[in-house]
Amino acid sequence: MSEDVRLVAWVRGRVQGVGFRWFTRARALEIGGLSGFALNLADGRVQVVAEGPRGACQGLLEWLQSDDTPGRVDGVTEIWDTPRGGYDGFAIR
């Protein structure tokens, strides 16, 4: 049985104005089983919240840390937690 988790990630770099949130949503939908959102923050970072199976969340995190993202990722800070629910799919905010 796969444990459901909550991943909160803050992505630093040139990640706003480059389609980063759209591609993050597309990747989450491609991975499947994830709900949550991607949100631009006032300080230039993008916050990503994903809930679902641990393996799916780990796959999204690995993509966020890769060179395959739009723009330029300088670093990702993540926190793992228990799911809170309340998300309808994966949204861009």
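Criteria and thresholds
Within each chain, residue numbers correspond to sequence positions counted from 1 in written order. Only residues with pLDDT of 70 or above have their local features reported here, since the model is predicted, and side-chain atom pairs are shown and tallied only from 80 upward, although totals for entire chains, interfaces and linings are computed over all residues. Heavy atoms throughout the structure, all of them, feed into the side-chain values; hydrogens and water do not. Where helices are involved, their axes are fitted lines through C-alpha atoms of the stretch in contact, as for all axes, and angles between N-to-C directions lie from 0 to 180°. Every helix listed is a DSSP run of H or I at least four residues long, and every strand listed is a run of E at least two residues long, numbered separately from the N terminus. Helix crossings fall into two classes, left-handed where the near helix is turned counterclockwise from the far one by less than a right angle and right-handed where it is turned clockwise. Should any heavy atoms of two residues lie within 4.5 Å, those residues are counted as being in contact. Each patch is built from residues that are more than 30% exposed by relative accessible area and take part in no salt bridge. Like charges join if they lie within 9 Å; nonpolar side chains (Val, Leu, Ile, Met, Phe, Trp, Tyr) join within 5 Å. A 1.4 Å probe and the Shrake-Rupley method give the accessible areas. Residues count as covered only by the protein chains that appear here. Salt bridge criterion: a side-chain nitrogen from Lys or Arg within 4 Å of a carboxyl oxygen from Asp or Glu. Working definition: with a 1.4 Å probe on protein chains only, accessible area under 20% of the residue-type maximum means buried, over 50% means exposed, and in between means partly exposed. Here the expected length of a helix is defined as 1.5 Å per residue gap, with one fewer gap than residues. UniProt positions are given in the numbering used here, feature names are shortened, and annotations may be inferred rather than shown by experiment. Side-chain atoms alone can form a polar contact between residues adjacent in sequence; in general such a contact is a pair of N or O atoms within 3.5 Å, and within protein one must be able to donate a hydrogen while the other accepts it. Here is the rule: rings of Phe, Tyr and Trp (six-membered ring for Trp) pair when centre to centre is within 6.5 Å. Planes less than 30 degrees apart are stacked, more than 60 are edge-to-face, and the remainder are tilted. Only Lys NZ and Arg CZ are tested; either one counts as a charge over a ring when it is within 6 Å of the ring centre and within 35 degrees of the ring normal. Picture the helix axis, draw a direction to every C-beta atom, and the arc is the one those directions span.

1. Some points on the packing of helix α1 (residues 20–31) against helix α2 (residues 54–64)
- α2 packs onto α1 with a crossing angle of 145 degrees between their chain directions and a minimal axis gap of 10 Å. Here α1 and α2 pass one another in a crossing that is right-handed. Where α1 abuts α2, its residues Phe-20, Phe-23, Thr-24, Arg-27, Ala-28 and Ile-31 lie against Ala-56, Gly-59, Leu-60, Trp-63 and Leu-64.

2. Thoughts on a nonpolar patch on the surface
- Together, Trp-22, Phe-23 and Ile-92 give the surface a local cluster of nonpolar side chains, amounting to about 320 Å² of exposed area.
- Note that Trp-22 resides in helix α1.

3. Considerations on the pattern of salt bridges
- Overall, the coordinates contain seven salt bridges when judged by the stated rule.
- Across the salt bridge formed by Arg-27 and Asp-68, the nearest N and O atoms sit 3.2 Å from each other. Highlighted residues: Arg-27 in helix α1 and Asp-68 in the loop between α2 and β4 (72–81), separated in sequence by 41 residues.
- Residue class for Asp-68 comes out exposed when judged on its relative accessible area of 52%.
- Here Arg-84 makes a salt bridge to Asp-81, at a shortest N to O gap of 3.7 Å.
- We classify Arg-84 as exposed; its relative accessible area is 61%.

4. Structural notes on α1
- The terminal C-alpha atoms of α1, which comprises 12 residues, lie 16 Å apart, in line with the 16 Å expected from a rise of 1.5 Å per residue.
- Summarising the contacts, the buried residues of α1 are in contact with β1 (4–14), β2 (35–40), β3 (46–53), α2, β4 and β5 (90–92).
- Directly beyond the C-terminal end of α1, a positive phi value near 85 degrees is found at Gly-32.

5. Some words on the UniProt feature "active site" (unreviewed entry) in the protein chain
- In the UniProt entry, the feature "active site" (unreviewed entry) is given for Arg-21 and Asn-40. Annotated residues spanning 20 residues; largest pairwise C-alpha distance 7.8 Å, indicating a single compact cluster.
- Of note, Arg-21 is situated in helix α1.
- With residues near it in sequence (within four places) discarded, Arg-21 still touches Ala-38, Leu-39, Asn-40, Val-46, Ile-92 and Arg-93.
- For Asn-40, the side chain forms a polar contact with the side chain of Arg-21, separated by 3.5 Å.

6. Observations regarding the packing of aromatic side chains
- Tallied over the entire structure, the rule returns three aromatic pairs.
- Ring geometry for Trp-22 versus Phe-23: centroids 5.0 Å apart, planes at 80 degrees, classification edge-to-face.
- The aromatic ring of Trp-80 is capped on one face by Arg-54, whose charged end is 5.5 Å from the ring centroid.

7. Describing α2
- Of the positions making up α2, those classed as buried are Ala-56, Cys-57, Leu-60, Leu-61, Trp-63 and Leu-64. Buried residues along α2 cover an arc of 160 degrees about the axis, so they all sit on one side.

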